[in-house]
Amino acid sequence: ATVERTEQVLKEIAGKTKSMDSIESVSTLSGYSLVNEVAGASYGMGMINLKPWDERKASLNEIIADLQNKTKDIGDATIQFFRVAKSTVKLKSLWTIFC
């Protein structure tokens, strides 16, 4: 895929998160894979910051399932959501998900 296609997919994913009450913000980066530590036009990642626990009802597993359902129709892309950080301290961005 081209960088333009990768950016298009990342924008589409970010757009699908706007209706989700549990999500505070989304940041994306095209051209790099943190998982593989590889640069390339077909790689992209996103960081999804969730609202604090007391401001959301859904569990992390429910949020990931919802994200997977909302993005399953995006063609020509392999999208994965997973937890990469956990903190016992109440932070504004308690969990981060990469895609």
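Residues numbered from 1 in each chain as written. Predicted model: local features only at pLDDT ≥ 70, side-chain atom pairs only at ≥ 80, totals over all residues. Heavy atoms only, no water.

### Notes on the overall build of the protein chain
Applied cut-off: Where helices and strands are cited, they refer to DSSP runs of H or I of at least four residues and of E of at least two residues respectively, numbered from the N terminus. Buried, partly exposed and exposed residues are distinguished by accessible area as a fraction of the type maximum, computed with a 1.4 Å probe on protein chains only: under 20%, between the cut-offs, and over 50%, respectively. In this analysis, two residues are considered to be in contact whenever any of their non-hydrogen atoms come within 4.5 Å of each other. Areas reported here follow the Shrake-Rupley algorithm with a probe of radius 1.4 Å; residue values treat only the protein chains shown as occluding.
When helices and strands are counted, the protein chain shows 2 helices and 4 strands. For the protein chain, the N- to C-terminal ordering of α and β elements is α-β-β-α-β-β. Looking at the 99 residues of the protein chain, the share that counts as buried comes to 31%. Within the protein chain, contacts between residues at least 6 apart in sequence are counted, and of these 57% link residues at least 24 apart. Surface exposure of the protein chain reaches about 6200 Å², of which carbon and sulfur atoms provide 48%.

### Re the pairing of strand β2 (residues 38-50)
Here is the rule we go by: For two strands to count as paired, DSSP must find a minimum of two bridges between them.
Looking at chain direction, strand β1 (residues 23-33) and β2 are connected through 9 bridges and run antiparallel. Bridge pairing links Y32 to A39 in β2. Hairpin connection, β1 to β2: the antiparallel pair is bridged by 4 residues, and E37 has positive phi, about 55°.

### Considering the nonpolar core
Applicable threshold: Here the nonpolar core consists of buried residues drawn from Ala, Val, Leu, Ile, Met, Phe, Trp, Tyr and Cys, with membership extended through side-chain atoms lying within 4.5 Å.
Within the largest apolar cluster, 12 residues are counted, these being V9, I13, M20, I23, I48, L50, L60, I63, I64, L67, I74 and F81. For this core, the elements supplying multiple residues, two or more each, are α1 (3-17), β2 and α2 (60-71). It is α2 that contributes the most residues to this core, 4 residues altogether. In this view, I23 contacts T17, I48, N49, L50, K51 and L67; residues no more than four positions away in its chain are not counted.

### Considering α2
Selection criterion: How far a helix is expected to stretch is found by multiplying one less than its residue total by 1.5 Å. Working note: the arc is built from the helix axis to C-beta atom directions.
A rise of 1.5 Å per residue sets the reference length of α2, with its 12 residues, at 16 Å; its end C-alpha atoms lie 16 Å apart and thus fit the reference within 8%. By the burial criterion, the buried members of α2 are L60, I63, I64, L67 and T71. Seen from one end, α2 has its buried residues packed into an arc of 100°, which puts them on one side.

### Remarks on the confidence of the model for the protein chain
Parts of the model with low pLDDT should not have their predicted coordinates read in detail. Applicable threshold: The predictor reports its confidence for every residue as pLDDT, a score running from 0 up to 100.
On average, the protein chain scores 80 in pLDDT, and the residues at 70 or more come to 84%. Counting contacts from residues 88-99, a segment whose pLDDT is below 50, to residues more than four positions away or on other chains yields 55 contacts.

### As for α1
The end-to-end C-alpha distance of α1, which contains 15 residues, comes to 21 Å, matching closely the 21 Å that a straight helix rising 1.5 Å per residue would cover. Along α1, the residues classified as buried are T6, V9, L10, I13, A14 and T17. The arc enclosing the buried residues of α1, seen along the axis, measures out at 135°, which places them on a common side. Opposite the buried face of α1, at more than 90 degrees from it, the exposed residues are E4 and K11.

### What about the side chain of T71?
What counts, and what does not: Any pair of nitrogen or oxygen atoms within 3.5 Å is treated as a polar contact; in protein, a donor-acceptor pairing is required on top of that, and neighbouring residues in sequence qualify only through side-chain atoms on both sides.
With respect to the helices and strands, the residue T71 is situated in helix α2. The exposure class assigned to T71 is buried, which follows from its relative accessible area of 5%. Separated by 2.8 Å, the side chain of T71 and the backbone oxygen of L67 make a polar contact. With near-sequence residues (within four places) excluded, T71 lies in contact with I13, K16, I79 and F81.

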